[in-house]
Amino acid sequence: MAAGSDEETMLDIQSSPRPALPVARPAPLQPESPSVAAGRPRGPGLASRLLLLTIGFALLAQVLIFVPRLAAVHDNWLRGRLAAANTAALVFAASPDGTLPKDLAKKILDSVGAMTIALKTSDTHRLLAVAEMPPVVSDFYDLRDPSLTEGVRAAVGALFAPKNAVLRVIGPAPMERAFLELTLDETPLTAEMWRFTRTFLSIVMTISAVVVLVIWASIWVMVLRPVRRLTSNIVAFGERPQDAARIIAPSGSRDEIGHAEQALAAMQTALSQELGQKKRLAELGLAVAKINHDLRNMLTAAQLISDRLATIPDPLAIRLAPRLVATLDRAIAFCQETLTYGAAVEKAPLRRRIGLRDVIQQAIEASGEREHDRVSFDIDVSETFEIFVDPEHLLRVIENLNRNAIQALAQFGPSSGRPAAIRYAATRAGGGALIEVCDTGPGFPPHLARRIFEPFHLSTREGGSGLGLAIAADLTDRNGGTIALAPRQPDDFYCGARFQITLPTPREGSV
């Protein structure tokens, strides 16, 4: 399989469509930007390198098989000639005077394929047959006990021997304590070895090519293609991480690559959500900064009007004017501090000893007269229960919890025919105060309960900003406390959302 230009760049295929999470239709990805393509290293890709490596190992395996087989062919050919020489030696030994007619000796030499045949012992050397012209020996090989290294060296030498080269071969003889010595023309041996080489290579190369293609195709399907998909998705997601359509869709494979796809999808989802939250925080901070100046002026004008309302001799105006003035004062101070959640720093808490029941009553009154007719408020907190926090911060925490509970009860209704109700309770626990705010609403789904304190994660009503619980958690933390969503208690009357707030209690000498 040829490696084209597409394989010469590392994992440079276009990304396949990715569905958005949790559920979305797949959308095609944009082409890679020039900056990403320019920064990619040049050279053979992973597929090309793996193919070359597979071919290299296949060739190495062929060499490791071919060399010993070539040495075996070399030895077998020589041993065949040596066997024929043994038969000739027996013929020579059977003659009365140890000699044969010249014509018969020549025929024996031709049948053996040798130029000379000699029989040697430890103290004698007998030339049994010889050609008319004694040959000039160019190489030597001992068949009596050859090692593998010697056999390979001799085989390679014979394969590339020059034309008409003469080889002297020594081997065992049929007589006791004797050996034969032959001189042979290496040309027939070289031809036989080249014939074997061509046959071996044609068969082995065909088998190796099929094996290499099958192995490489399997690796491509099981490894390379999924890795390319992973890499292409990472590159595409890195260009626009805020685009949820570029989150990888796991293939569902149960191998390591499938696990990597699942981990990558989870990481990309978390990163995309985090970037979305950061973007909304930045937009919110910019929007609040723009409206802060004008809103402060409007509230100042409203404060002047409310001051005049306090002078009207009407019982209702006299009763409501102080609340209106206090609320406007809080709003003006709030704007003056230029609070932009997520874009500016919240003011440091001014902690002091305060009564918890008074703060809860202020938060209930701020919810409006109309809510008192639809929702009942149960305050199970004594008049003497005190905590040590910033009263403004705690009021905002209770107001946010109130608003969430009222909106949930209005939109979804109470659970199991119970009346719409909110309960406030407080106890001493572990040297601090444990405050509970619970309602009879539907509560939070289990799969969302873990992230309700994250900005913009969810809202209890359609169109909500999703900041109320995030602000409550931030303010509680600034005052040295914690806030958590307790598990639902279906058998309890207040079986909806149950928030538990821990706050410090007054210390000795605190005011």
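What you are looking at is a predicted structure, and each value in this text was computed from that prediction instead of being measured. Within each chain, residue numbers correspond to sequence positions counted from 1 in written order. pLDDT decides what is reported in this predicted model: residues at 70 or higher carry local features, side-chain atom pairs at 80 or more are listed and counted, and totals for whole chains, interfaces and linings draw on all residues regardless. Neither water nor hydrogens contribute to the side-chain values; these are computed over all heavy atoms in the structure.

This paragraph deals with the packing of aromatic side chains. The geometry of an aromatic ring pair is captured by the separation of the ring centres together with the interplanar angle, meaning the angle of the planes. Aromatic pairing here means that ring centres of Phe, Tyr or Trp (its six-membered ring) are within 6.5 Å. Orientation follows from the plane angle: under 30 degrees is stacked, over 60 is edge-to-face, and everything else is tilted. One pass over the structure, following the stated rule, counts eight aromatic pairs. Judged by centre distance (6.1 Å) and plane angle (85°), the rings of Phe444 and Phe499 are edge-to-face. With Phe444 in the loop between β10 (432-439) and α11 (468-478) and Phe499 in strand β12 (residues 498-504), this pair connects stretches of sequence that are 55 residues apart. Like Phe444, the residue Phe499 is buried in the burial classification. In textbook terms, an aromatic cluster arises when at least three aromatic residues are bridged by ring pairs, as seen for Phe66, Phe196 and Phe200. In this scheme, the term charge over a ring applies when either NZ of a lysine or CZ of an arginine sits within 6 Å of the ring centre and within 35 degrees of the ring normal. Sitting over the ring of Trp77, Arg81 keeps its end group 4.0 Å from the ring centre. Across from the ring centre of Phe179, 4.8 Å away, lies the NZ or CZ of Arg144, which sits over that ring. Each helix is a run of H or I in the DSSP string that is no shorter than four residues. Each strand is a run of E no shorter than two, and both are numbered from the N terminus. The buried label goes to any residue with under 20% of its type's maximum accessible area, the exposed label to any with over 50%, and the partly exposed label to all in between, with areas taken from a 1.4 Å probe on protein chains only.

Taking 1.5 Å per residue, 54 residues should reach 80 Å; helix α5 (residues 186-239) reaches only 70 Å between its end C-alpha atoms and comes up short. Think of it this way: the bend at a residue is just the angle between two axes, each fitted to seven residues, one set ending at that residue and the other starting at it. Taken as a whole, α5 carries its principal kink of about 50° at Trp220. The span one expects for a helix is its residue count, reduced by one, times 1.5 Å.

Turning our eyes to something else, we now look at the pairing of strand β5 (residues 178-185). With seven of its eight residues buried, β5 lies for the most part within the structure. Being paired, for any two strands, means DSSP has found at least two bridges between them. Summarising the sheet, strand β1 (residues 114-121) and β5 pair through seven bridges and their orientation is antiparallel. Residue pairing across strands places Thr121 opposite Ala178, the latter belonging to β5. Sheet topology note: the strand β4 (residues 166-172)/β5 ladder contains seven bridges and is antiparallel. Its bridge partner lying in β5, Ile170 is registered against Glu181. Where β4 folds back onto β5 in an antiparallel hairpin, the turn is made up of five residues, including Arg177, whose phi is positive at roughly 55°.

pLDDT expresses, on a scale from 0 to 100, how confident the predictor is about each individual residue. For the protein chain, per-residue confidence averages 77 on the pLDDT scale, and residues scoring 70 or more make up 75% of the total. Between residues 1-39, whose pLDDT stays under 50, and residues either more than four places distant or in other chains, the model counts 82 contacts. Across residues 339-344 the pLDDT falls below 50, and counting only partners more than four positions away or on other chains, this stretch makes 17 contacts in the model. Contact definition: two residues touch when any of their heavy atoms are within 4.5 Å.

Our focus in this paragraph is the sheet that holds β10. The sheet built from five strands is open, its strands ordered β7-β9-β10-β12-β11 with mixed pairing. Two strands lie at the open edges of the sheet, namely β7 (376-380) and β11 (482-485), each paired on one side alone. Taken over all neighbouring pairs, the strand axes of this sheet differ in orientation by 15° on average, direction set aside. As paired strands, β7 and strand β9 (residues 421-429) are joined by five bridges and run parallel to one another. From the neighbouring strand, Ser376 faces β9, where its bridge partner is Ala421. Here the axes come from fitting lines to C-alpha atoms, over the contacting stretch only for helices, and the angles between their N-to-C directions go from 0 to 180 degrees.

Our focus in this paragraph is unusual backbone geometry. Positive phi outside glycine occurs at Asn164, with the angle close to 65°. Tracing the backbone shows Asn164 in the loop between α4 (148-159) and β4.

Before going further, it helps to examine the pattern of salt bridges. Salt bridge, as used here, is a side-chain nitrogen of Lys or Arg placed within 4 Å of a carboxyl oxygen of Asp or Glu. Scanning the entire structure with this criterion turns up eleven salt bridges. Linking Glu192 and Arg195 is a salt bridge whose minimum nitrogen-to-oxygen distance equals 2.8 Å. Placement of both Glu192 and Arg195 in helix α5 is noted, with a separation of three residues, approximately one turn of the helix. We classify Glu192 as partly exposed; its relative accessible area is 25%. Classification of Arg195 as partly exposed rests on a relative accessible area of 42%.

Glancing now at the packing of helix α10 (residues 391-412) against α11. Direction vectors running N to C along α10 and α11 enclose 155°, while the axes themselves pass 9 Å from each other. The angle between α10 and α11 falls in the class roughly antiparallel. The handedness of the crossing between α10 and α11 comes out as left-handed. Judged by residue contacts, His393, Arg396, Val397, Asn400, Leu401 and Asn404 of α10 engage Gly468, Leu469, Ile471, Ala472, Leu475 and Thr476 from α11. Under this scheme an angle from 65 to 115 degrees is roughly perpendicular, one under 35 degrees roughly parallel, and one over 145 degrees roughly antiparallel; angles in between are oblique. Crossings are assigned a handedness: left-handed for a near helix turned anticlockwise from the far helix by less than a right angle, right-handed for a clockwise turn.

Residues enter patches when their relative accessible area tops 30% and they take part in no salt bridge; the joining distance is 9 Å for like charges and 5 Å for the nonpolar side chains Val, Leu, Ile, Met, Phe, Trp and Tyr. Only the protein chains shown count as cover for residues, with accessible areas throughout obtained via the Shrake-Rupley method and a probe of 1.4 Å. On the surface, Leu53, Phe57, Leu60 and Leu64 cluster together into a nonpolar patch covering about 430 Å² of accessible area. With respect to the element layout, Leu53 can be found in helix α2 (residues 46-94). On the basis of relative accessible area, Leu53 is assigned to the partly exposed category, the value being 46%.

Now for the packing of α4 against α5. A packed helix pair is summarised by two numbers, namely the angle formed by the two axes and the spacing between the axes. Here α4 crosses α5 at 100°, and the two axes come no closer than 8 Å. Between α4 and α5, the crossing angle belongs to the class labelled roughly perpendicular. Residue-level contacts link Ala155, Ala158 and Leu159 of α4 to Glu186, Leu189, Thr190, Met193, Trp194 and Thr197 of α5.

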